[in-house]
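Residues per chain, in single letters:
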Amino acid sequence: MSLDLETFLENFYAAKVKEQFGTEGLRILADVMKAVRKVYQYIEPSCCNFPIFVFKTVNEKFQPIQIPPTYILEDYNQLVQIIDQECVIQLAENELLHVWKNLGIAPASLSKFGVVYEYNNRIEYFHANNQTEPVPKISPSQASTFALNTFEELVEALENYKMKQVRYCSCPLLQEIWYDQNRIFLKNKPEKIMRKSLTQFLKARLRSNVEVRPEQIVDESHPVDIKVTWYSTNRLALIEIKWLGNSKMEDGRKGQAYRDFRANEGAKQLADYLDANLQQAPVHITRGYLVIIDCRRAKLKEDTITIDEENGIFFRDHEISFEPDYHKKRRDFEKPIRMFVEPICI
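Residues numbered from 1 in each chain as written. Predicted model: local features only at pLDDT ≥ 70, side-chain atom pairs only at ≥ 80, totals over all residues. Heavy atoms only, no water.

Peer 1: What am I meant to see in the overall build of the protein chain here?
Peer 2: Across its full length, the protein chain holds seven helices and 14 strands. Dimensions along the principal axes, computed over C-alpha positions, put the protein chain at roughly 80 × 40 × 30 Å. Here the protein chain holds 346 residues, and the buried ones make up 51% of them. In the protein chain, once contacts between residues fewer than 6 apart in sequence are set aside, the share between residues at least 24 apart is 63%. (Helix = DSSP H or I, 4+ residues; strand = E, 2+ residues; numbered from the N terminus. Buried < 20%, exposed > 50% of the residue type's maximum accessible area, 1.4 Å probe, protein only. Contact = heavy atoms within 4.5 Å.)

The structure is reproduced here in structure tokens:
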């Protein structure tokens, strides 16, 4: 978070907090904001479908929650291992963090004694002595104003790649994957070119503190297509690319042909990669992205050289059914992104 934004937010809440707790409240507000930023260095809010509370009392020795903490932590990096449900984090004495899980406490009850930050379903608030103010959204795509824009930034980049590079095959590299000039049949085994195209796009699109590398090993035998690492955080992204459609060998013979089952294979493969990566990088927050380059055409014959619009875009709006539907069952699995490539129709 930039210094200007930090100053703006502190000033935004300063009057109300000072009104409730005096000048000491301003110090507490600054401490809570600083703590929230630290929390989101290790916890990804977009993966949290549960509330998060961070608070500090005006009297640091006072303990408003009578139940013993679930955890007492000395460092924020320990949060990544334990925060998987509703949590309350108190900034306690000696810079310790007292953490309660699934406490079910109302923030208003805590705000009688100090400043409380609340995150709930991508909406944020500050509470002070029963007074509540929402946190303004700086970027609609960000889950939290206090978190770095990592996974959201990647999703935006992938959607941009889908619309501007893939749909009409605007990327020069993607123009090389076709057996014919009308984008009907693919060359056999085009995945290396697809991987190179997306890798180059993400390197140019994402910020300078992001590393994008192709074919990164995540288990003993298989590399994931692309791995994205954000240097300033503990975030990682694994991207697996699968293509659908019909291909031809160099001599014109029938090559590989893939339909929905191939996308489901890719989903299972990515889920396995995520499980393997968790063993190798347990302190990182990793999210998986399945990118499907959809080149399906209807009613193809081996000698087809032109295609009409009806058959050319037949699959454009045909979404793929996944079983199991990993993105609904796992917090680390992004909804698959299908990118349809339109042919040149007569």
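Peer 1: Sorry if this is basic, but what is going on with the sheet that holds strand β1 (residues 52-57) here?
Peer 2: As summarised here, the arrangement of the seven strands in space is β2-β4-β3-β1-β5-β6-β7, forming an open sheet in which the pairing is mixed. Each edge of the sheet is formed by a strand with only one pairing partner; in this case those strands are β2 (71-73) and β7 (131-134). Within the sheet, the average angular offset between the axes of one strand and its neighbour, ignoring direction, is 20°. (Pairing = 2+ DSSP bridges. Axes fitted to C-alpha atoms, helices over the stretch in contact; angles between N-to-C directions.)

Peer 1: What is the right way to look at the pairing of strand β13 (residues 285-295) in this model?
Peer 2: Each regular strand shows side chains that alternate between the opposite faces of the sheet. Of all eleven residues making up β13, eleven are buried, and the element is well covered by its neighbours. As judged from the ten bridges shared by strand β11 (residues 235-248) and β13, these two strands associate in the parallel manner. Residue pairing across strands places Trp243 opposite Ile293, the latter belonging to β13. Across four bridges, β13 lies against strand β14 (residues 337-340) in parallel orientation. Along β14, the bridge assignment pairs Ile293 with Met339.

Peer 1: Would you mind going over the packing of helix α3 (residues 151-166) against helix α4 (residues 191-205) with me for this structure?
Peer 2: The description of two packed helices rests on the angle between their axes and on the distance between the axes. Contact pair α3 / α4: the axes reach a minimum separation of 10 Å and the direction vectors enclose 125°. Judged by the inter-axis angle, α3 sits oblique to α4. Relative to α4, α3 is oriented so that their crossing is right-handed. Of α4, the residues touching α3 (which contributes Leu154, Ala157, Leu158, Asn160, Tyr161 and Gln165) are Met194, Ser197, Leu198, Phe201, Leu202 and Arg205. Partitioning the contact of α3 with α4 into residue classes produces eight nonpolar, three polar and one charged. (Parallel < 35°, antiparallel > 145°, perpendicular 65-115°, else oblique. Left-handed = near helix turned anticlockwise from the far one by under 90°. Nonpolar A, V, L, I, M, F, W, Y, C, P; charged D, E, K, R; others polar.)

Peer 1: Before we go on, may I ask you to explain the nonpolar core in this structure?
Peer 2: Most often, soluble globular proteins keep nonpolar side chains buried together rather than apart. Core analysis: the biggest nonpolar cluster contains 54 residues, and Leu154, Leu158, Leu198, Leu202, Val228, Ile239 and Ile293 have the highest contact counts within it. For this core, the secondary structure elements donating two or more residues are α3, α4, β9 (210-217), β10 (223-230), β11, α5 (260-280), β13 and β14. Ranked by the residues each element gives to this core, the list is headed by β13, at seven residues. Contact partners of Leu154, with chain neighbours within four places excluded, come to Leu202, Leu206, Trp230, Ala237, Ile239 and Tyr289. Counting residues in each nonpolar core, the second largest holds 35 residues, with Phe21, Val54, Tyr76 and Ala128 among its members. (Core = buried A, V, L, I, M, F, W, Y, C linked by side-chain atoms within 4.5 Å.)

Peer 1: When you look at α5 in this model, what are you seeing that I'm missing?
Peer 2: Each full turn of the α-helix corresponds to 3.6 residues, which orients residues three or four apart in the same direction. With 21 residues, α5 extends 31 Å between its outermost C-alpha atoms, agreeing within 8% with the 30 Å of an ideal straight helix rising 1.5 Å per residue. Every buried residue of α5 is listed here: Arg262, Ala263, Asn264, Gly266, Ala267, Leu270, Ala271, Tyr273, Leu274, Ala276 and Asn277. Looking at the buried side of α5, the elements it contacts are β10, β11, β12 (254-258), β13 and α7 (326-329). (Expected span 1.5 Å × (residues − 1).)

Peer 1: Help me out: how do you make sense of unusual backbone geometry in this one?
Peer 2: Leaving glycine aside, a negative phi is the common case for residues, and trans is the common case for peptide bonds. Cis geometry marks the peptide bond from Glu323 to Pro324, where omega comes out at 0°. Take Pro324: it is sitting in the loop between α6 (309-312) and α7. Not every positive phi belongs to a glycine, and Arg183 is a case in point at roughly 60°. Tracing the chain through its elements places Arg183 in the loop between α3 and β8 (186-187). Unusually for a residue other than glycine, Glu215 sits at a positive phi of about 50°. Along the chain, the position of Glu215 falls in strand β9.

Peer 1: Would you mind showing me how to read α4 here?
Peer 2: Here α4 is 15 residues long and its end C-alpha atoms lie 21 Å apart, about the 21 Å a rise of 1.5 Å per residue gives. Among the residues of α4, Met194, Arg195, Ser197, Leu198, Thr199, Phe201 and Leu202 are the ones counted as buried. Tucked inside the fold, the buried residues of α4 contact α3, β8, β9, β10, β11 and β13.

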